[in-house]
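# Remarks on the overall topology
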Amino acid sequence: MKIRVLFVPLVLVLLCAPLATRAQDKVDLSQSQMPSVVTVPTEALPSGHFDAEAATKAYLAQIPVAARARSDAYFEGGYWLLLWDFLVAVISYWILLHFGISAKMRDFAVRISRFAFVQDLIYWVQFLILTTLLGAPLNIYEGYTREHKYGLATQTFGPWLGDQLKALLVGLILGGLLVAFLFWIVRRLPNTWHIWGAIVTICFNIVFVMIAPVFIFPLFNKITRLDDPKITQPILSMARANGIPAHDVFQIDASKQTTRMSANVSGFGKTMRITLNDNLLRRGSPEEIQEVMGHEMGHYVLHHIYKDILFIAVVTVVFFSLLRWGLDRCLARWGRSWRINGIGDVAVLPLAFLLVTLFGFLFTPIQNTETRTNELEADMYGLNASRQPDGAAQGAIHLGEYRKMSPGPVEEWIFYDHPSGRRRIYNAMRWKAENLQLFQDQLPRPIATEQTK
Ligand SMILES: [Zn+2]
């Protein structure tokens, strides 16, 4: 590939870098942050006239107007980014096809090696680096500048770029192996490749989910066993009470990159584990942490990882069938002018990515609804396991730092991969209303007076 091809995007990146490094301390965020300690409002205390709706409103009223405005603006900006990401990707792939760059990258690969497998790998390296550079200005804005503007990022530009390069390296290796293997299948089985391709991709996905907690996540963060008994005792006790064979709770130093509080279940089989991030441990009350752990245990007990894998498997089969249909039609129409020699020619890759990006974009609300449904189930499990509805409300407010609290129903259906904060607080308060006898000794005082660490 000619160096000239890389020149324009590289200049764009270099122009963006100093802008990005200056972006971090421009905005004073102190007036628009979510309250760190959330108290139980009078309306949410047990009483003969407890009303879940009024309790929800009282919790929401604790959010300062400026904090809500900031979180709404951040989250709504994300709707537009979905569109910009889609457009930038589609235009990048079209440029590679229309200007014959894809064909030139293939020609270069063919000159270097006579083995098709190696040619596909060489093509992949050029393709991934070039599309990464074309998408870099938007990626820097989205992943760095904007995150700093809203006070959600903690990294300076150098370490952030380092993480991006690591991710690129993982993509070069794992993506390259998958792409070369898929093209090997396409050339061997030209009539049924979409079925075998889907099967291989599903297997690849399962292996990736399994190895990621052990081999991929530690490239970016330090994951350690949590050894503070004040936190681990109630969590492990809750795990035993729910029949979960957990001996350890893991902690990840997410504060290296972000101020966001979160936790997750990751892995598959023996690598499955529950991990809390250090922002949650530092800022969450014990009640909140227990509710979050109850939620994560819900994902585990309700087999959400397996269900997700099954769901993605079905989607993969559908996407591969659509891909075959789309590739056949597009190649018949434009294949010759793009100098692509059929479906087994690796130069077809930008077209395949363009079609998958299009399907994925249209598929967003369905994917979000699948995830959101699991999240709602985990919320309800978490409430039953932890019995901490006020911890749940507090958690929802903290997560409101990067999620709009009260969307409309259609907005929630399209864009939310978790129930909205308002819905989560209402569900918690409704649960409390049904279990008021558990809270008879609750006094009008903060549920968290001091931070846990
Ligand atoms: Zn969850």
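None of these values were measured; they are calculated from a predicted model.

Let us now look at the confidence of the model for the chain. Fine structural detail should not be taken from predicted coordinates in areas where pLDDT scores are low. For the chain, mean pLDDT is 89; residues scoring 70 or higher make up 90% of the total. Across the chain, the element-wise mean pLDDT spans from 46 in helix H1 (residues 3-22) up to 98 in helix H4 (residues 101-112). Throughout residues 448-453 the model reports pLDDT below 50, and contacts reaching past four residues in sequence, or to other chains, amount to 15 contacts.

For a metal bound by four donors in tetrahedral geometry, the ideal donor-metal-donor angle is 109.5 degrees, whereas six donors in octahedral geometry ideally sit at 90 or 180 degrees. Here the zinc ion is held by His295 (NE2), His299 (NE2) and Glu375 (OE), and the distances to it run 2.0 to 2.1 Å. Within one chain, the residues donating to the zinc ion are spaced in sequence as H-x3-H-x75-E. With histidine 299 in helix H10 (residues 286-301) and glutamate 375 in helix H12 (residues 349-386), this residue pair connects regions lying 76 residues apart in the sequence. Per residue, the accessibility class of histidine 299 equals that of glutamate 375, and both read buried.

One can find arginine 106 in helix H4. Take arginine 106: its relative accessible area is 8%, and that puts it in the buried class. Not counting chain neighbours up to four residues away, the residues in contact with arginine 106 comprise Tyr123, Arg339, Ile340, Asn341, Asp345, Val346 and Ala347.

What follows covers the packing of aromatic side chains. Tallied over the entire structure, the rule returns 23 aromatic pairs. Summarising the aromatic geometry, the rings of phenylalanine 319 and phenylalanine 359 are spaced 5.7 Å apart at their centres and angled 65° between planes, so their arrangement reads as edge-to-face. Residue phenylalanine 319 is found in helix H11 (residues 304-334), and its partner phenylalanine 359 is found in helix H12; the two are separated by 40 residues along the sequence. Looking at phenylalanine 319, the relative accessible area reads 17%, which means it is buried. These aromatic residues form a ring-pair network of at least three members: Tyr93, Tyr123, Trp124, Phe127 and Phe353. The ring of tyrosine 402 has arginine 260 lying over it, and the distance from NZ or CZ to the ring centre is 4.5 Å. One cation-aromatic arrangement involves lysine 432 over phenylalanine 439; the distance from NZ or CZ to the ring centre is 5.1 Å.

In terms of nonpolar packing, the biggest core is built from 44 residues, with Phe127, Trp193, Leu327 and Leu351 touching the most fellow members. Of the residues forming this core, the biggest block, eight residues, is contributed by helix H6 (residues 157-188). Setting aside its immediate chain neighbours within four residues, tryptophan 193 contacts Ile185, Val186, Ala198, Phe320, Leu323, Arg324, Leu327 and Ile343. Listed in part, the 25 residues of the second largest apolar core include Leu226, Ala239, Val292 and Tyr381.

Turning to empty space enclosed by the protein, a few remarks are in order. Vacant regions in the atomic arrangement are exposed by a probe of water-molecule size rolled over the atoms. On inspection of all chains with the given rule, the structure shows three cavities of 30 Å³ or more. What the largest cavity holds in volume is close to 40 Å³. Every residue lining the largest cavity is listed: Ala396, Leu399, Gly400, Arg403, Met405, Pro419, Ser420, Gly421 and Arg424. Counting only elements with at least two residues in the lining of the largest cavity, the list comes to helix H13 (389-399) and helix H15 (421-434). A breakdown of the residues in the lining of the largest cavity according to their chemical character gives four nonpolar, three polar and two charged.

Right, let's talk about the pattern of salt bridges for a bit. One pass over the structure, following the stated rule, counts 15 salt bridges. Arginine 339 is paired through a salt bridge with aspartate 107; the nearest N and O atoms lie 3.3 Å apart. Taken together, the residues arginine 339 in the loop between H11 and H12 and aspartate 107 in helix H4 connect sequence positions 232 residues apart. Measuring nitrogen to oxygen at the nearest pair gives 2.9 Å for the salt bridge that ties arginine 260 to glutamate 147. Separated by 113 residues along the polypeptide, arginine 260 in the loop between strand E2 (250-252) and strand E3 (263-266) and glutamate 147 in helix H5 (residues 116-149) bring together distant segments of the chain. Residue classification places arginine 260 among the partly exposed positions, given a relative accessible area of 21%. Looking at glutamate 147, the relative accessible area reads 12%, which means it is buried. One network of salt bridges, with partners in common, ties together Arg106, Asp107, Arg339 and Asp345.

Once that is clear, we can look at unusual backbone geometry. Phi at histidine 303 takes a positive value of approximately 55°, unusual for a residue other than glycine. One can find histidine 303 in the loop between H10 and H11. For arginine 387, which is not a glycine, the phi torsion comes out positive at approximately 55°. Counting through the fold element by element, arginine 387 comes out in the loop between H12 and H13. You can call arginine 387 partly exposed: its relative accessible area is 48%.

Here the focus is the packing of H6 against helix H7 (residues 193-220). Remark: H6 packs on H7, axes separated minimally by 11 Å, with the N-to-C direction vectors making an angle of 155°. When the axis of H6 is compared with that of H7, the two are roughly antiparallel. You can see that H6 and H7 cross each other, and the crossing is right-handed. Of H7, the residues touching H6 (which contributes Asp163, Lys166, Ala167, Val170, Leu174, Leu178, Phe181, Leu182, Ile185 and Val186) are Trp193, Trp196, Gly197, Val200, Thr201, Phe204, Phe208, Ile216, Leu219 and Phe220. Residues of the contact of H6 with H7, tallied by class, amount to 16 nonpolar, two polar and two charged.

Rules of the game
Residues numbered from 1 in each chain as written. Predicted model: local features only at pLDDT ≥ 70, side-chain atom pairs only at ≥ 80, totals over all residues. Heavy atoms only, no water. pLDDT = per-residue confidence, 0-100. Helix = DSSP H or I, 4+ residues; strand = E, 2+ residues; numbered from the N terminus. Contact = heavy atoms within 4.5 Å. Donors = N, O, S within 2.8 Å, 3.2 Å for Na, K, Ca; no water. Buried < 20%, exposed > 50% of the residue type's maximum accessible area, 1.4 Å probe, protein only. Phe/Tyr/Trp six-rings, centres within 6.5 Å; stacked < 30°, edge-to-face > 60°. Lys NZ or Arg CZ within 6 Å of the ring centre and 35° of its normal. Core = buried A, V, L, I, M, F, W, Y, C linked by side-chain atoms within 4.5 Å. 1 Å grid on protein atoms, 1.4 Å probe; cavity = no way out; pocket = protein on both sides within 12 Å on 5 of 7 lines; lining within 4 Å. Points joined across faces, edges and corners; volume = space filled by probe spheres on them. Nonpolar A, V, L, I, M, F, W, Y, C, P; charged D, E, K, R; others polar. Salt bridge = Lys/Arg side-chain N within 4 Å of Asp/Glu carboxyl O. Axes fitted to C-alpha atoms, helices over the stretch in contact; angles between N-to-C directions. Parallel < 35°, antiparallel > 145°, perpendicular 65-115°, else oblique. Left-handed = near helix turned anticlockwise from the far one by under 90°.

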